[in-house]
2 protein chains.
Amino acid sequence: MNVIKSLKEMAKIAQEPSNSKNTIGFIPTMGALHNGHLALIRQARKENKRVIVSIFINPKQFTNESDLMKYPRTIEQDVELIQDFVDFIFIPSACEIYPQDFQLSISVGAHTHDLEGEFRPGHFEGMATVVLKLLNIIRPDRAYFGLKDYQQFIVVSQMVKDFNIDTKIIGVPTIREISGLAMSSRNTRLSDKEKEISTRIYGILQKAKSVILNGAQNPQDIEKFVASELVKLPKSKVEYVAVRSLQLAKMKVIESDMVILVAVYIGEVRLIDNIIVPSGIQGADH
Amino acid sequence: MNVIKSLKEMAKIAQEPSNSKNTIGFIPTMGALHNGHLALIRQARKENKRVIVSIFINPKQFTNESDLMKYPRTIEQDVELIQDFVDFIFIPSACEIYPQDFQLSISVGAHTHDLEGEFRPGHFEGMATVVLKLLNIIRPDRAYFGLKDYQQFIVVSQMVKDFNIDTKIIGVPTIREISGLAMSSRNTRLSDKEKEISTRIYGILQKAKSVILNGAQNPQDIEKFVASELVKLPKSKVEYVAVRSLQLAKMKVIESDMVILVAVYIGEVRLIDNIIVPSGIQGADH
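Predicted model, so just to flag it, every value in this text is computed and none were measured.

Another point: the relation of the copies chain A and chain B. The operation relating chain A to chain B is a screw motion whose rotation component is 180°, with 0.0 Å of axial translation and a residual RMSD of 0.0 Å. Here the two chains are linked by the operation of a two-fold rotation axis. Residue Ile106 of chain A of chain A places its C-alpha closer to the rotation axis than any other residue of that unit, at 2.3 Å. The share of interface residues of chain A whose copies in chain B are also at the interface is 100%, consistent with both copies meeting through the same surface.

Residue and element names in this part refer to chain A. Domain boundaries assigned for chain A yield domain 1 (2-172) and domain 2 (185-277). The gap between the C-alpha centroids of domain 1 and domain 2 is 26 Å. Listed per partner, the contact involves 21 residues of domain 1 and 18 residues of domain 2. Summing the contributions of domain 1 and of domain 2, the shared interface buries around 1,800 Å²; its carbon and sulfur component is 54%. It is Leu115, Phe119 and Tyr150 in domain 1 that bury the most area against domain 2; as a group they hold 35% of the surface buried on that side.

A word on the interface of chain A and chain B. Where interface size is quoted, it is often the accessible area lost as the parts come together. Contacts between the two partners involve 29 residues from chain A and, on the opposite side, 29 residues from chain B. Carbon and sulfur atoms make up 46% of the area that chain A and chain B hide from each other, which totals about 2,700 Å². When the buried area of chain A at its contact with chain B is split by residue, Gln103, Leu104 and Phe163 of chain A rank highest and sum to 26% of it. There are two salt bridges connecting chain A and chain B. Only α1 (7-15), β5 (105-107), α7 (123-138) and α8 (150-162) of chain A provide two or more residues apiece to the side of chain A that touches chain B. Sort the elements by how many residues they give to the side of chain A that touches chain B and α7 of chain A lands first, with five residues.

Attention now moves to α8 of chain A. All names here are of chain A. Taking 1.5 Å of rise per residue, 13 residues should cover 18 Å, and α8 covers 18 Å from first to last C-alpha, within 8% of that figure. With 11 of its 13 residues buried, α8 lies for the most part within the structure. Of the positions making up α8, those classed as buried are Tyr150, Gln151, Gln152, Phe153, Ile154, Val155, Val156, Gln158, Met159, Val160 and Asp162. Of the residues one or two after α8, Asn164 is the one with positive phi, at around 55°.

The pairing of strands in a sheet happens through backbone hydrogen bonds and is either parallel or antiparallel. Residues and elements named next belong to chain B. Pairing within the open sheet is parallel, and its six strands lie in the order β1-β4-β3-β2-β6-β7. Each edge of the open sheet carries a strand with a single partner, namely β1 (3-4) and β7 (168-172). Bridge analysis of strand β2 (residues 24-29) against strand β6 (residues 142-146) gives two bridges, and the strand direction is parallel. When the sheet's bridge partners are listed, Gly25 is paired in β6 with Arg142. Where helix α2 (residues 35-47) meets the sheet, it contacts β2, β3 (50-55), β6 and β7, and its direction lies at approximately 155° from that of β6. Most of the contacts of helix α7 (residues 123-138) go to β2, to which it runs at about 150°, and overall it touches β2, β3, β4 (88-90) and β6.

In this section: unusual backbone geometry. Phi is positive for Leu115 of chain A, close to 50°, though the residue is something other than glycine. Here Leu115 of chain A shows up in the loop between β5 and α6 (116-119). In this model, Ala32 of chain B sits at a positive phi of 50°, which is unusual for a non-glycine residue. With respect to the helices and strands, Ala32 of chain B occurs in the loop between β2 and α2. The buried category is assigned to Ala32 of chain B, whose relative accessible area is 10%.

On to the pairing of strand β3 (residues 50-55) of chain A, then. Residue and element names in this part refer to chain A. The element β3 is extensively covered by neighbouring structure, given that six of its six residues are classed as buried. Going residue by residue along β3, you find Arg50, Ile52 and Ser54 tucked away on one face and Val51, Val53 and Ile55 tucked away on the opposite face as well. In terms of strand pairing, strand β2 (residues 24-29) meets β3 through six bridges, oriented parallel. Note on β3: the bridge partner recorded for Gly25 is Val51. The handedness of the β2 to β3 crossover, carried by helix α2 (residues 35-47), is right-handed. One ladder, built from three bridges, connects β3 with strand β4 (residues 88-90); its direction is parallel. Looking at the pairing, Val53 lines up with Ile89 of β4.

Now for the sheet that holds strand β8 (residues 236-245) of chain A. All names here are of chain A. As summarised here, the arrangement of the three strands in space is β8-β9-β10, forming an open sheet in which the pairing is antiparallel. At either margin of the open sheet sits one strand with a lone partner, and together these are β8 and β10 (269-277). Going from strand to strand, the sheet's axes swing by 15° on average, the running direction of each strand aside. Bridging between strand β9 (residues 258-266) and β10 involves nine bridges; their strand directions are antiparallel. Across the sheet, Met258 pairs through a bridge with Val277, a residue of β10. Of the strands in this sheet, β9 and β10 are in contact with helix α10 (residues 200-213), which crosses β10 at around 25°.

Turning our eyes to something else, we now look at the UniProt feature "binding site: beta-alanine" (unreviewed entry) in chain A. Residues and elements named next belong to chain A. Here the UniProt-annotated "binding site: beta-alanine" (unreviewed entry) positions come out as Gln61. As for its position among the elements, Gln61 is in the loop between β3 and α3 (65-70). Judged by its relative accessible area of 8%, Gln61 is buried. Residues within four places of Gln61 in sequence aside, it is in contact with Met30, Arg120, His123, Gly126, Met127 and Val130.

Here we come to the pattern of salt bridges. All names here are of chain A. Under the counting rule described, the total for this entry stands at 30 salt bridges over all chains. Across the pair Arg176 and Asp273 runs a salt bridge whose closest N-O atoms are separated by 2.9 Å. Within this pair, whereas Arg176 is found in the loop between β7 (168-172) and α9 (192-198), its partner Asp273 is found in strand β10, the two being separated by 97 residues in sequence. Between Lys195 and Glu177 there is a salt bridge, and its shortest N-O distance comes to 3.5 Å. In this pair, Lys195 is assigned in helix α9 and Glu177 in the loop between β7 and α9, connecting sequence segments 18 residues apart. Among the residues examined, Lys195 registers a relative accessible area of 28% and is labelled partly exposed.

Right, let's talk about the environment of His37 of chain B for a bit. Residues and elements named next belong to chain B. Following the sequence through the fold, His37 ends up in helix α2. His37 gets classed as buried once you look at its relative accessible area, which sits at 12%. Taking the C-alpha atoms as reference points, His37 and Ile165, separated by 128 residues in sequence, lie 23 Å from one another. Once residues within four sequence positions are removed from consideration, His37 is found in contact with Thr29, Gly31, Ala32 and Ser185.

The rules behind the values
Positions within a chain are numbered from 1, following the residues in the order the chain's sequence is written. Chains carry letters from A onward and ligands carry numbers from 1 onward, assigned in written order. Local features in this predicted model are restricted to residues of pLDDT 70 or higher, and side-chain atom pairs are both shown and tallied only at a pLDDT of 80 or more, whereas totals for entire chains, interfaces and linings draw on every residue. Heavy atoms throughout the structure, all of them, feed into the side-chain values; hydrogens and water do not. Least-squares fitting of one copy onto the other uses the C-alpha atoms of those residues that reach a pLDDT of at least 70 in both copies. Only heavy atoms enter the contact rule, under which two residues are in contact if any of them lie within 4.5 Å. Note: domain ranges come from an automatic or database domain assignment. Buried area is calculated as the accessible area (1.4 Å probe) missing from two parts once they are joined, with the contributions of both summed. Within this document, salt bridges are pairs made up of a side-chain nitrogen of Lys or Arg and a carboxyl oxygen of Asp or Glu, the two lying within 4 Å of each other. Every helix listed is a DSSP run of H or I at least four residues long, and every strand listed is a run of E at least two residues long, numbered separately from the N terminus. By definition here, a helix of n residues has an expected span of 1.5 Å times n minus one. Only protein chains enter the calculation, and the probe is 1.4 Å; a residue is then buried if its accessible area is under 20% of its type maximum, exposed if over 50%, and partly exposed in between. Note on pairing: DSSP must find at least two bridges between two strands before they are called paired. Working convention: axes come from line fits to C-alpha atoms, limited for helices to the stretch in contact. Angles between N-to-C directions cover 0 to 180 degrees. Whether a crossover is right-handed comes down to one check: with the strands pointing away from the viewer, does the path from the first strand over the helix to the second run clockwise; if it does, it is right-handed. UniProt positions are given in the numbering used here, feature names are shortened, and annotations may be inferred rather than shown by experiment.

Here it is in structure tokens:
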């Protein structure tokens, strides 16, 4: 059985034998694994000698208790689903990750109050704290994050750069259902009707992309358009719509490749999605 | 010449060859090296195969600009003093340590507003941030800190534990001049007269220690006694006097080994010192 629970044991296994060819690819997850996670594992498999997946529902990154309580817990199915594809599954306990006298946390600069940070205060601090701990325990060569959580990918990339951590952070494109709905552990909480509604979010993002590719210049106009389409969805409540540079800087006019990010409730379930749009401007990376 | 300036080069040198016998002892400093630093180097020499000293005046841990400006800068003498005793001296540039888009910092829980944290807001966040970066670059087996900066030693120990960093933090007893004055880079800013006054600080701490060893029970009484002695010193301004557990917890009665910590200005120069006192209580570590 390749499930590891103790921090010490995980560190020991991950760090020896530390010959340079024995590369480690690491995928931190909160469980409720789906095809999106399998895509991360697949890419890690290609690029590393060993693959380690962690499953830890990190209480520090939930803004409210009820979201934490409702977060799906499917450890047995998770292990069943991935155990043949990975070398180790790391399932630490909350009391070992956060002992009683735990004191430290990380501030993440501008992201603390922006986008997800605005609507989920403390989320990125908690996420960054646990990711830093996991990176220190496992010391992977590469760590894989889904681009569905785009801002998370940016925050982790910035953290690794700012703290001089010797791990390459790799963003893996969002995996979608045939309907276009971005895979998410939270999708299991949608009713059939809500799920059908949710599939239209990506369609709206694609429409916005084509508006930009057809020459729209003003990010605010795009944001208004996307918001107005989202509010038309039954049972929806829009939290934010933002057109940003790939580094999540605000733009007055479209002047670089960009990402359109949305957060919207469908019924009781909060969904996020995004789409990357090339600017077509010379020098931009497309 | 064993001086390294580039982060990349330092990381490369420190991390290879990483066979388990090639242990690294690391001493982070802000330069203006004195016998206290040499004691750290001596101990690191005994316990490790290789010794690396960093010299970096960390702007983020200074609370006010003028203290940063006045901090002694003696890089050439520093290199001269230690180069034959260490394997590498790491002197990174501020712009490589803190590039323009640097965003992250560390919160240090209770210490943020306690003792040094109260009088030097931001100090421990800045200190912890740079120490974390240096530990990530060098990945030492052991890192050495002087116990003169007792709270710093506690904060770094907590950080390494909380973030699962694989480095042992070692506190080295304060080195004093024959007069009793704790060695400090700031001592060079004292006039002869002020230096003579400053030597009496340790005498007061020793007197308090003997009062405790003679059976005093009340930490507040000890604090009052020490403060009253310190204010009698010419040109003195007392910032804090605290009797705490070795983990820096407040105590209502003396019930464990303890440390008496003081911060006092003599003229324009801020000095800190401390003394560890065994409680004599059974089970305590003395």
